[in-house]
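One letter stands for each residue in the lines below.
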Amino acid sequence: MINRLCIIGVGLIGGSLSRSLREQSYCSTVVGCSRDEKHLQRAQALGVIDHYDTDIASAVRDADMVVVAVPLGAMEAVFTAMHPGLAEQAVITDVGSSKASVVEAARTGLGDRFTAFVPGHPIAGTEKSGVEASFSELFQDRKVILTPLPETRPSAVEAVRAMWQTAGAEVLDLEVSHHDEVLAATSHLPHVLAFALVESLARMSDRDEIFQYAAGGFRDFTRIASSDPVMWADICLANHDALLAAVTRFQADLNELQDTIERGDRQGLLDVFSRAKQARDRYADGQQ
Ligand code: NAP
C-alpha cells in the first residue's frame, strides 16, 4: 500500500496508472503535478487525482512513491526540481521509454537520493496522449520492465514491483543497455518506419488520391504514426546509439529485399516472406 502517491505528468501513462491504483484502493491520496493547471483540473474532475500542485518540490512533499511520467526531454529538470521536497521514505520511479538517458538524468538530478530511484518502463500504451486518453486497464496483463542498478535499494525495487503488479502487470528485470537495444528493435524502429512511410507518401504530389485508396493494411501499419511527435523525437534522441544500430541493420535488409525484387527472384521473396509470416504468427499466438 502507498499512503501518498505523487504522479508527475498526469497524461496517458501517469493517468492510467493512477486510475488503476485508485480502483484497487492501493493508495490513500494521489497528488498530480504538471505544467498546465488546466490539465490538472481536468484530471481532478475525471477522478484521476485527488489534489494537484504545479510546483514539483511541493507536490512530492510527504509522498511515499513518486512516479515521473513526463516526456524524456523533461526528465532531468523534473528530478532536479523534486530533490529539495523529497521525503525521507520516498521511492522514485519513472516510465520513460528509453533507460540509459533517464538513469543519467536521475543520477544528475537526484544526487544523494539516487539509490531510491528505480528506472521502469511499462510496455503498454496507445497512439493517444493526455489524461483524457488514460484508462485503468492499460497495464492489465502487459509487461513492465525495471532496470535497477547495483546501487538501487532492494526495498525500493520491491515497492515499485508491487505497485505495477497491483496495476495488473507482469514485472521483469533487465539491464539498462539490454532494455535499450531490445526496445530500439521492437518499438523505436517500428515507430520511425511508420512516421517515415506516412511522411514519404504525404509528400507525393498525388497524395490525396493515394490516401483515398489506402485500406486496412495501410491503416494497421501506420496507426503508430499518429503518436505524439514530441515524445518520439525525445525517444529517438535519447536512445540514438541503439536506434541507429537497428536502423542500419534494417536498411541492409531492405537493400537486400530491393535486390531480390530487381532480380525477379520469386523464390528469394517467398523465403523472406515465409520466414517473416512464421515469426509473426508465432508472436501472435504467444500474445493470445
Ligand atoms: P502524455 O500523455 O503526453 O503525458 C505527458 C504528461 O507530462 C502531461 O501530463 C504533461 O502535462 C506532462 N509534462 C510534460 N512536460 C512536463 C514538464 N516539463 N514538467 C512536468 N510535467 C510535464 O505522454 P505519455 O504518453 O503519458 O508519456 C509519458 C512518458 O511515458 C514518456 O516518457 C514516454 O516515453 C513514456 N511511455 C509512453 C508510452 C506510450 O505509448 N505513450 C508507453 C510507455 C512509456 P502538461 O502539459 O500539463 O505539463
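About the cut-offs
Residues numbered from 1 in each chain as written. Predicted model: local features only at pLDDT ≥ 70, side-chain atom pairs only at ≥ 80, totals over all residues. Heavy atoms only, no water. Helix = DSSP H or I, 4+ residues; strand = E, 2+ residues; numbered from the N terminus. Buried < 20%, exposed > 50% of the residue type's maximum accessible area, 1.4 Å probe, protein only. Expected span 1.5 Å × (residues − 1). Contact = heavy atoms within 4.5 Å. Pairing = 2+ DSSP bridges. Axes fitted to C-alpha atoms, helices over the stretch in contact; angles between N-to-C directions. Polar contact = N/O pair within 3.5 Å; in protein donor to acceptor, adjacent residues only side chain to side chain. Near = heavy atom within 4 Å. Areas by Shrake-Rupley, 256 points an atom, 1.4 Å probe, with all protein chains shown as cover.

Participant: Go over unusual backbone geometry with me, naming the residues and quoting the values.
Facilitator: Of note, the phi angle at Ser25 is positive, near 50 degrees, even though the residue is not glycine. Within the element layout of this structure, Ser25 appears in the loop between helix H1 (12-23) and strand S2 (27-33). Assessed through its relative accessible area of 47%, Ser25 is described here as partly exposed. The backbone of Asp62 shows a phi angle near 70 degrees, a positive value even though the residue is not glycine. Mapping Asp62 onto the fold places it in the loop between helix H3 (56-59) and strand S4 (65-68).

Participant: Residue-level account of helix H11 (residues 240-263), with values.
Facilitator: Note on helix geometry: an α-helix contains 3.6 residues per turn, so any two residues three or four positions apart are oriented the same way. Helix length check: H11 (24 residues) gives 34 Å between terminal C-alpha atoms against 34 Å at 1.5 Å per residue, within 8%. Along H11, the residues that are buried comprise Ala242, Leu243, Ala246 and Thr260. Buried positions along H11 lie against helix H7 (176-202), helix H10 (229-238) and helix H12 (266-287). Phi for Gly264, located one or two positions after H11, is positive at around 65 degrees.

Participant: Kindly report on the sheet that holds strand S7 (residues 120-123), identifying the contributing residues and their values.
Facilitator: Taking strand neighbours across the sheet as the criterion, the three strands line up as S7-S8-S9 in an open arrangement whose pairing is mixed. The open sheet has two edge strands with one neighbour each: S7 and strand S9 (170-173). Sheet twist, expressed as the mean angle between neighbouring strand axes with direction ignored, is 25 degrees. Across four bridges, strand S8 (residues 143-146) lies against S9 in parallel orientation. Bridge pairing in S9 places Ile145 opposite Leu172. Set on the sheet, helix H6 (residues 154-166) makes contact with S7, S8 and S9; between it and S8 the angle comes to about 170 degrees.

Participant: Explain the side chain of His188 to me, and be specific about the residues and the numbers.
Facilitator: Topologically, His188 is positioned in helix H7. Residue classification places His188 among the buried residues on the basis of a relative accessible area of 0%. Side chain to side chain, His188 and Asn239 meet in a polar contact 3.1 Å long. Other than its neighbours up to four places away in sequence, His188 contacts Ser97, Ser98, Leu183, Trp232, Ile235, Asn239 and Leu243.

Participant: So what about the site of the ligand? Which residues, and what values?
Facilitator: Near the ligand lie 27 residues; those nearest to it are Ser34, Arg35, Val70, Ser97 and Gly130. Between the ligand and the protein, one listed contact pairs an oxygen atom with a backbone N or O atom of Ile13 at 2.9 Å. At 2.7 Å, a side-chain N or O of Arg35 approaches an oxygen atom of the ligand. Considering the ligand on its own, with 890 Å² of exposed area, one finds that the protein chains cover 88% of that surface. Elements with a minimum of two residues in the shell around the ligand: H1, helix H4 (75-82) and S7.

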